[in-house]
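Fold and contact review
Each chain, written out:
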Amino acid sequence: MENNRYPFVNTPLPYAYDALEPFIDEKTMRLHHDKHLQAYIDNLNALLRRHPRLQKLTLEQLIQCAGKLPRNLGTYLRNNAGGVYNHRFFFEGLCNPAPREPSGPLMEQIIRQFGSLEKFRSAFSAAALSVFGSGYAWLVWDGCKLRILTTPNQNSPLAQGLCPILTLDVWEHAYYLKHYNVRAGYVEDWMQVINWQAAGQNFMRCQKCV
Ligand code: MN3
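To keep things clear, this report deals only with the structure shown in the data block. No experiment lies behind these values; they were computed from the predicted model shown.

For helix H1 (residues 26–50), with 25 residues, the first-to-last C-alpha span of 35 Å sits near the 36 Å given by 1.5 Å per residue. Of all the bends found along H1, the most pronounced is centred on Gln38 and spans about 30°.

Pasting the structure below:
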């Protein structure tokens, strides 16, 4: 991830705002990147400006150390460093046209653990629909196996020592303009624009670093 230290800047999306149409609409992408992610970046920079000792840490390290800080500071750091990391990771995990399915070692591991890609999709979708309120669904590597899990708010699996492979932002701002309250329709659309190549690269990286 580029620009992973203070001062953080809102790096452009790796594709045009309308690139994910008709699955994810341009207006949602503009607001999501330019307003929502920008706010997390601004908040994180403002926090780090007041805490120079944290400025040398990477985004990942900030998330990992949030739990060790005094409660209010830790929560604010978790929310805003998580908001930057999770959004960047989510956006980088999308493309259009997308490969229809994963390939190589990630596909093999999915088949080994879930039985089929269809069963994986069902399990991931169920997890995404199970998030009460705002949060994310994730596919992570725990050092031994793949796991599907959810996190509330802007919490990140990095804080649990897990290695993210794929994520889906299920905050309402991610889909409300197109799908209103129907999260299932958004999850279906998202399945069409998963950057499986990026997920496969994340999987390989996770195998090395966990
Ligand atoms: Mn979001």
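Text resumes after the structure shown.
The next point concerns the side chain of Arg88. Structurally, Arg88 is set in helix H3 (residues 71–92). Comment: no salt bridge for buried Arg88; closest opposite-charge side chain is Glu92, at 6.0 Å. Engagement of the side chain of Arg88 in a polar contact is seen with the backbone oxygen of Glu2, the distance being 3.3 Å. Those residues within four positions of Arg88 in sequence are excluded, and the remaining contacts are Met1, Glu2, Asn3, Asn4, Phe8, Val9, Thr11, Leu37, Ile41 and Leu59.

Okay, the state of the cysteines next. Working definition: the covalent bond between the sulfur atoms of two cysteines is a disulfide. Under the defined criterion, the tally for this structure stands at one disulfide. With a sulfur-sulfur separation of 2.1 Å, Cys163 is cross-linked through a disulfide to Cys206. Linking Cys163 and Cys206, the disulfide has an S-S dihedral of approximately -80° and is accordingly described as left-handed. Taken together, the positions of Cys163 in strand S3 (residues 163–169) and Cys206 in helix H8 (residues 196–209) put the pair 43 residues apart, joining distant regions of the chain. Comparing Cys163 with Cys206 shows no difference in burial state: the two are buried. Left unpaired, Cys95 is separated from the closest cysteine sulfur, that of Cys206, by 18 Å. Among the residues examined, Cys95 registers a relative accessible area of 17% and is labelled buried.

Criteria and thresholds
Residues numbered from 1 in each chain as written. Predicted model: local features only at pLDDT ≥ 70, side-chain atom pairs only at ≥ 80, totals over all residues. Heavy atoms only, no water. Helix = DSSP H or I, 4+ residues; strand = E, 2+ residues; numbered from the N terminus. Expected span 1.5 Å × (residues − 1). Bend = angle between axes of the 7 residues up to and from the residue. Buried < 20%, exposed > 50% of the residue type's maximum accessible area, 1.4 Å probe, protein only. Lys, Arg positive; Asp, Glu negative; His and termini not counted. Salt bridge = Lys/Arg side-chain N within 4 Å of Asp/Glu carboxyl O. Polar contact = N/O pair within 3.5 Å; in protein donor to acceptor, adjacent residues only side chain to side chain. Contact = heavy atoms within 4.5 Å. Disulfide = S-S within 2.5 Å.

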